[in-house]
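# Architecture and fold: a report
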Amino acid sequence: MSKEHSGVLRAWESTMRKTQAAKKRANNIFGITSMANVTNNDLEDDTDKGVSISGEAYFAEKILPNGDYYTGQWYDNFPDGQGKYLWTDGCMYLGEWHKGKTMGKGRFSWPSGASYEGEFKAGYMDGSGTYIGSNGETYKGKWVMNMKHGHGILNYSNGDCYDGEWRRGFQEGHGKYQWQNKNYYIGQWKNGVIFGKGTFVWSNGNTYDGYWEDGMPKGNGTYQWPDGSFYVGNWSKDPDEQNGTYYPSESSLAANLEWDPTTVYKEIAGCKICVGERVSIMPSQKRLATWYSSKGGDKPRRMSVDGRVSVGVERPLDKMSLWENDGNSNGLRQVRRDLDCELLGIPHNDANPKFNLGLPLKAPKLEKRQGETISKGHRNYELMLNLQLGIRHSVGRPAPATSFDLKASAFDPKDKIWTRFPREGSKYTPPHQSYEFKWKDYCPVVFRTLRKLFKVDPADYMISICGDNALRELSSPGKSGSFFYLTDDDRYMIKTMKKSEVKMFLRMLSAYYNHVRSFENTLVIKYYGLHCVKIPGTTQKKVRFIIMGNLLRSDYTIHRRFDLKGSSLGRITEKNEFETDNTTILKDLDLNFIFKLQKAWYQEFCW
C-alpha cells in the first residue's frame, strides 16, 4: 500500500473517531422521509479544510455525515475535478469527478482486493479499462455500462485465456479461447458459447474445422489428424443424424475404420468455458453522501455516483414521501418536479400538463388482475378445456430432434396435423369430460423449434397453459373483434384469429423465423404455437388461435400503458389525469416523455 494511501486511511480513521459524538446528534442521512440539517459547524473544525471561492472549485477534505471520507476538488456541493472517495465498507475511488459523478479516468477498488482502472462515464465503467479480480483474473479491453463490450482480453484465474469480441458481458463475435492444457478454439461465438464457424485445435495436433451450435460440432465439418488423414461429413450429437467418410493419408498404414466420431463430443465436453469472477457491487451502485453548508442554504440531498437523487434505503415509498412533511411544500414540490423532469429527460417547461409531475406523487395501487376467470358455467369453459387438452397433446407428443436449419417444407401451410379427441379417449388421447372435438396443429416443427429457440421449457409451458389454474378472458380493447385469453401466471396470451389472418400469418412465418433467429434481442413479439379447435355437429364451428408471449408481464409496477400506432389522427385519450389509472390505455399524443439511452444501446436499438 502506498504512503499516500496509508496517510489517507490514518486521517480517515482519526476523523471518524472525532466525529462520533456529532454523528449521534445528527439524524442519519439514510432517513426515509426527512434528513437532518447538519452543517459544517456540527463537526470538528478539521473535517472541512479549504476555502470556498465563489464560483470556483476548491480543495476540501471532508468526513461526510454517514462516515464516508472525501478529499479533493469540491465545487457547488459536489466532488468536481480530481478527488478520492472512501466508503465505510472499504470501497474507494480515486480519479476524476464531474458534478458528483465519476467521469473520466480513475481507479475503483473493492475491499476484496479487486480493482478497476480506466475510463468512467456517469458512474459506470465505460470506455477502455483493466479489471483485476480478487482471484487473480484480469480483463483488459472495452467496457460499456459496467459490461465487457467490444474487444478485450480476459486471463482467467485457472490459466485459460480469451482474446476477442465481447457483447453485453459475454463472448460474441470472433475470438480465440485457449485452455490451460494448450487446446484452443478460434472462430465465432454467441452469448458466451461457441456458435457458428470455427476451428478447434487439440494439443496433440488433431483439429476440427466446421460449424458449431451451443458449444458442440453441428453441421458440415472436417476432423483431421496430424498424419494427414481426415473425416468429413455431417456432425450431430444425435447418432441418427451423424454421417461422414474417413479418408486415410498416404503415410498411414490402414484406414481407421473403427474410429467413432462421438468421441470428439466427449473430448470437447471436458473443455469447459470458464465463468469469470462475479463483481459483488458495481461502482454505479455505490451511494454518494453529499455535503452541504448552512452558508449557501443548500438543501440536503444524497446522490448515487451516477448522479441520481436517492433517499436512504430504497423502499417502494421512499421517493414518494420525500418532501411530504416539509412546511415549504410548494417550493420543494417544484424542486422535486424539476428533478423528475431532469431524470426523465423532459425540458422543465415541456412537461405534459395532463400528467403534471408537480402534483403530489402517490403510491401506486395494487394492480387488479385483468380479465374474467373462465370457471365452470362460463360460455367458453368447454373451449378452454379443449384448448388445454390439445396443447398438452401437441407439446407432449414425441418428436425427433431438429436443428435450427429448417427445410422449406416445414413452413408449408399444408404441413398440419389433425387429431381427434373422443370423450372416451383413444390410443393417443386421454378421456375427458368435454364434448368430442378435433384439434389441428399448424406447422408443428416450426413452432417446436421456435420454442426451443426462445428457450421455453416444455414442462413449464404446459404447466402455464394447462395447469390447474384457469385461464382469464380479456375482451379486446381494439376493433379486430378478437378475444384474448391470459394464463394465470401472466406469461402467455392466447388470441383468437380469423381464417384470413391465419393464412396471412403462415405466409409470413418463414420470414418471421429467419428474423427472430438472426436478431436474438428483437422486440418483435414471440409466437409459440398456432392451433385450431373444430367442434363437430351441424355448425362445424372452427376456432383458430395463436399463443404468444405477454409483452406486459413485468416484475415492476406498470403505472402508464400506451397503445402507440405512429399516428396523430384521433390518437389522444379523452380523459383527464384524475379519470385515468394504471389500466387506462393511453395513445400517441398522451406520450410526452423523452427516453435517453446510452450511446451503444441507442445504436443497437436503431439497428
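The rules we used
Residues numbered from 1 in each chain as written. Predicted model: local features only at pLDDT ≥ 70, side-chain atom pairs only at ≥ 80, totals over all residues. Heavy atoms only, no water. pLDDT = per-residue confidence, 0-100. Helix = DSSP H or I, 4+ residues; strand = E, 2+ residues; numbered from the N terminus. Contact = heavy atoms within 4.5 Å. Phe/Tyr/Trp six-rings, centres within 6.5 Å; stacked < 30°, edge-to-face > 60°. Buried < 20%, exposed > 50% of the residue type's maximum accessible area, 1.4 Å probe, protein only. Pairing = 2+ DSSP bridges. Polar contact = N/O pair within 3.5 Å; in protein donor to acceptor, adjacent residues only side chain to side chain. Core = buried A, V, L, I, M, F, W, Y, C linked by side-chain atoms within 4.5 Å. Patch = residues over 30% accessible without salt bridge, like charges linked within 9 Å, V, L, I, M, F, W, Y side chains within 5 Å. Areas by Shrake-Rupley, 256 points an atom, 1.4 Å probe, with all protein chains shown as cover. Salt bridge = Lys/Arg side-chain N within 4 Å of Asp/Glu carboxyl O. Axes fitted to C-alpha atoms, helices over the stretch in contact; angles between N-to-C directions. Parallel < 35°, antiparallel > 145°, perpendicular 65-115°, else oblique. Left-handed = near helix turned anticlockwise from the far one by under 90°. Nonpolar A, V, L, I, M, F, W, Y, C, P; charged D, E, K, R; others polar. Lys, Arg positive; Asp, Glu negative; His and termini not counted.

With 74% of its residues at a pLDDT of 70 or more, the protein shows a mean pLDDT of 76. Looking across the protein, the model is least confident in strand β21 (residues 309-310), with a mean pLDDT of 34, and most confident in helix α8 (residues 499-518), with 93. Every residue in residues 18-48 is under pLDDT 50, and counting partners more than four places away or in other chains gives 57 contacts. Here residues 292-364 scores under 50 on pLDDT; set against residues more than four positions off or in separate chains, the count is 138 contacts.

What the rule picks out here adds up to 43 aromatic pairs. Relative to W87, the ring of Y85 lies with its centre 4.5 Å away and its plane at 45 degrees, an arrangement referred to as tilted. Taken individually, Y85 and W87 each receive the classification buried, so the pair is uniform in this respect. When the ring of Y116 is compared with that of F120, the centres are 5.1 Å apart and the planes differ by 85 degrees; the resulting orientation is edge-to-face. By the burial criterion, Y116 is buried, and F120 matches it.

This next bit is on the pairing of strand β7 (residues 115-121). The pairing of strand β6 (residues 101-109) with β7 spans six bridges and is classified as antiparallel. From the neighbouring strand, R107 faces β7, where its bridge partner is E117. Hairpin connection, β6 to β7: the antiparallel pair is bridged by five residues, and G113 has positive phi, about 105 degrees. Pairing geometry for β7 and strand β8 (residues 124-132), over six bridges, is antiparallel. Considered in β8, the bridge of F120 is made with M125. Here β7 hands over to β8 after two residues, with A122 in that stretch at a positive phi of 55 degrees.

Let's shift gears to the pairing of strand β2 (residues 58-63). Among the six residues in β2, five count as buried, and that is most of the element. Direction of pairing for β2 relative to strand β3 (residues 69-75): antiparallel, over a ladder of six bridges. When the bridges of β3 are listed, A60 appears paired with G72. In sequence, β2 turns back onto β3 through a hairpin of five residues, with G67 there showing a positive phi of about 100 degrees.

Right, let's talk about the side chain of H149 for a bit. Relative to the helices and strands, H149 is located in strand β10 (residues 147-155). In terms of polar contacts, H149 uses its side chain to reach the backbone amide nitrogen of R168, at 3.1 Å. Those residues in contact with H149, other than ones at most four positions away along the chain, are Y139, K142, W143, V144, W166, R167, R168 and W601.

On to helix α6 (residues 444-453). Taken across its ten residues, α6 has seven buried, putting it largely inside the fold. On its buried side, α6 packs onto α5 (381-396), β23 (416-421), β24 (437-442), α7 (458-466), α8 and β28 (527-535). Among the residues trailing α6, K455 stands out with phi positive, at a value near 60 degrees.

A separate point is the nonpolar core. Most often, soluble globular proteins have nonpolar side chains that are buried together. Judged by nonpolar contacts, the single largest core of 52 residues is most densely connected at I391, V446, L450, Y461, I465, L509 and L530. The element that contributes the greatest number of residues to this core is α8, accounting for seven residues. Other than its neighbours up to four places away in sequence, Y461 contacts I391, V395, R451, V456, Y492, Y528, G529 and I547.

A cluster of nonpolar residues, L523, L597, Y602 and F605, forms a patch on the protein surface that exposes about 480 Å² of accessible area. Residue placement: L523 occurs in the loop between α8 and β28. Take L523: its relative accessible area is 66%, and that puts it in the exposed class.

Contact pair α6 / α8: the axes reach a minimum separation of 12 Å and the direction vectors enclose 25 degrees. Taken together, α6 and α8 sit at an angle that is classed as roughly parallel. Of the two possible hands of crossing, α6 and α8 adopt the one that is left-handed. When α6 is examined against α8, the residues V446, F447, T449, L450 and L453 are found in contact with a partner set consisting of F505, L509, Y512, Y513, V516 and R517. When the residues that make up the contact of α6 with α8 are grouped by side-chain class, the tally is nine nonpolar, one polar and one charged.

Moving on, we come to unusual backbone geometry. Outside of glycine, negative phi angles account for most residues, and trans bonds account for most peptide bonds. With a phi angle near 55 degrees, K99 is a residue other than glycine that sits in the positive phi range. Following the sequence through the fold, K99 ends up in the loop between β5 (92-98) and β6. Judged by relative accessible area, which is 51%, K99 ranks as exposed. Phi is positive for K182, which is not a glycine, with a value near 80 degrees. Secondary-structure assignment places K182 in the loop between β12 (170-178) and β13 (184-190). The class of K182 is exposed, set by a relative accessible area of 54%.

Glancing now at the environment of D489. Inspection of the secondary structure assignment puts D489 in the loop between β26 (483-486) and β27 (492-497). On a C-alpha basis, the gap between D489 and S464 in space is 6.6 Å, while along the polypeptide they are 25 residues apart. With residues up to four places along the chain from it excluded, the contact list for D489 reads S464 and R553. Only 2.8 Å separates the side chain of D489 from the side chain of T487, close enough to count as a polar contact.

Looking now at the side chain of E277. Within the secondary structure, E277 sits in the loop between α3 (262-269) and β19 (287-289). For the buried E277, no salt bridge exists, and the shortest N-O distance to an oppositely charged side chain is 8.8 Å, to K148. Here Y131 takes part through its side chain, which lies 2.8 Å from a polar atom of the side chain of E277. One polar contact links the side chain of E277 to the main-chain amide nitrogen of N135, over a distance of 3.5 Å. Leave out the neighbours within four places in its chain, and E277 touches Y131, G133, S134, N135 and E137.

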